[in-house]
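Coordinate inspection notes
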Amino acid sequence: MAQWSYEELLEKNRRYLWNPFTQMKGYLEDEPLIIERGEGVKLYDVQGRAYYDGNASVWLNVHGHRHPKLNAAIRKQLDQIAHSTLLGMANVPAILLAERLVGLAPARLQKVFYSDSGAEAVEIGLKMAYQYWKHRGRPEKHVFISMKNAYHGDTVGAVSVGGMDLFHASFSHLLFPTLKVTYPYPYRFPGTVEACRQACLDELIGVLEEHGDTVAGLIVEPMVQGAGGMIMMPPGTLAEVANICRDYDVLLLIDEVATGFGRTGRMFACEHEGVEPDIMMVGKKLTGGYLPVAATLTSDEIYDAFYGELYEAKTFYHGHSYTGNQLGCAVALANLDLYEEERLLDHVQEASCRLAEWLEPLKALPHVGEVRQLGLMVGIELVKCKETKETYPWEDAIGAQVCRKAREMGLITRPLDHVVTFMPPLATPLADLQAMVEILERAIREGT
Ligand SMILES: *Cc1c(COP(=O)(O)O)cnc(C)c1O
């Protein structure tokens, strides 16, 4: 690519490329970054400048970029075959990865259904839960409970169970209705953390008392609402939600797309509270941040409801062209090997403790309302006024301003409105982690 200058590439971007989640006007006016290569936890742009990948390329990267073992796994698979279909036939790495995932996941989850993105994994989970009740002779159970301020991806079904007005409100007429309940947000709750937790649980019970007979399932981001602003559940909430779902005969769908594969310090966030979902979606870090593979894991009880003779019409009619892609599954297997070889979860736990120390001084900054952290998942909520918790107006794009500063200082991350996120690659060495936090601190000081 080096034959193209920055200016030439920028002009081609302007003419031909529409970037996701990006207001193209502001983007094109503000010296867009054009990345040429990566190395470890750094990205390099076409002008040769280096940046820390402070959000793991939007929550994906695990072991750093261009890891020799992951690169080798793809090359090795490439010499066999790049892709063949999973519709009505199978392939070697897709089978082996399914076995591996079932071994890692909570015990109830026994079958793996692949797709290419987190949003698709969510669609699949919703359709499975919906059709499960039909096959069980309970078609009246067809409604989902989802959380206010939730994010489950951008396809229409995933948006229907989402709850972020900024992203979702304009599509309202396209969406199927769901029952929305409040996700606990202690920082903005007028009362104690315990009262906040209880209020949310009471609200959920109230909805189930009224509509329980029609509810197919409840979908939730475990422990942390990611894109909603890194909002963290008080301890005990998730376990209680799971109990309530069992009491009311409602399937529990857990979206581990952001939290799965060690982000929060456990392999899956639901392990923090020993929760066993009926359906679990994974994506993002599954391939180490290399290729688009996602999966919906489900119980044998659900799988068995679809199992029968063709004429019984129980087949799950869902699939995508690249479902079970061999290159993706091969690199996912190598990624999971590295978790073991490098004892990665131990590193995440140690790094999380150090990170907590290094984040401590940020809490004293005049415009930092709250610093939230679980494992290597961090949200720093900026406020105009610390005492009143008044937020900056949305149009001020305060988070974007801080992230722009951080970029000038050599760190890339993205804001969620007025929350600055920090999601480094899991294997980030401690010295780099500390350097990243120092940049964040300076960027917040100068950018607010
Ligand atoms: C990112 C994300 C998704 C969507 O995943 P894509 O691969 O971007 O479609 C779904 N759920 C959660 C919790 C996520 O963070």
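Provided above is the structure to which this section pertains.
Just so it is clear, the model here is predicted, and its values are computed rather than measured. (Residues numbered from 1 in each chain as written. Predicted model: local features only at pLDDT ≥ 70, side-chain atom pairs only at ≥ 80, totals over all residues. Heavy atoms only, no water.)

Focus: the pattern of salt bridges
What the rule picks out here adds up to 27 salt bridges. Note that E360 is salt-bridged to K363, the shortest N-O span being 3.2 Å. Taking relative accessible area as the criterion, K363 reaches 40% and is therefore assigned partly exposed. Each member of the salt-bridge network shares a partner with another, and the members are R188, E370, R372 and E381. (Salt bridge = Lys/Arg side-chain N within 4 Å of Asp/Glu carboxyl O. Buried < 20%, exposed > 50% of the residue type's maximum accessible area, 1.4 Å probe, protein only.)

Observations concerning the sheet that holds strand β5 (residues 143-147)
The sheet built from seven strands is open, its strands ordered β4-β12-β11-β10-β7-β5-β6 with mixed pairing. Each edge of the sheet is formed by a strand with only one pairing partner; in this case those strands are β4 (109-115) and β6 (179-181). Within the sheet, the average angular offset between the axes of one strand and its neighbour, ignoring direction, is 20°. The sheet strands contacting helix α9 (residues 193-211) are β5, β6 and β7 (215-220), and the helix crosses β6 at an angle near 160°. (Pairing = 2+ DSSP bridges. Helix = DSSP H or I, 4+ residues; strand = E, 2+ residues; numbered from the N terminus. Axes fitted to C-alpha atoms, helices over the stretch in contact; angles between N-to-C directions. Contact = heavy atoms within 4.5 Å.)

A short note on the site of the ligand
Neighbouring residues of the ligand: W59, S117, G118, A119, Y151, H152, G153, E221, D255, V257, A258 and K284. A distance of 2.8 Å separates an oxygen atom of the ligand from a polar backbone atom of G118. A distance of 2.7 Å separates an oxygen atom of the ligand from a polar atom in the side chain of K284. Here the ligand, which alone exposes 380 Å², has 82% of that area covered by the protein. The residue makeup of the shell around the ligand, split by class, is five nonpolar, four polar and three charged. (Near = heavy atom within 4 Å. Polar contact = N/O pair within 3.5 Å; in protein donor to acceptor, adjacent residues only side chain to side chain. Areas by Shrake-Rupley, 256 points an atom, 1.4 Å probe, with all protein chains shown as cover. Nonpolar A, V, L, I, M, F, W, Y, C, P; charged D, E, K, R; others polar.)

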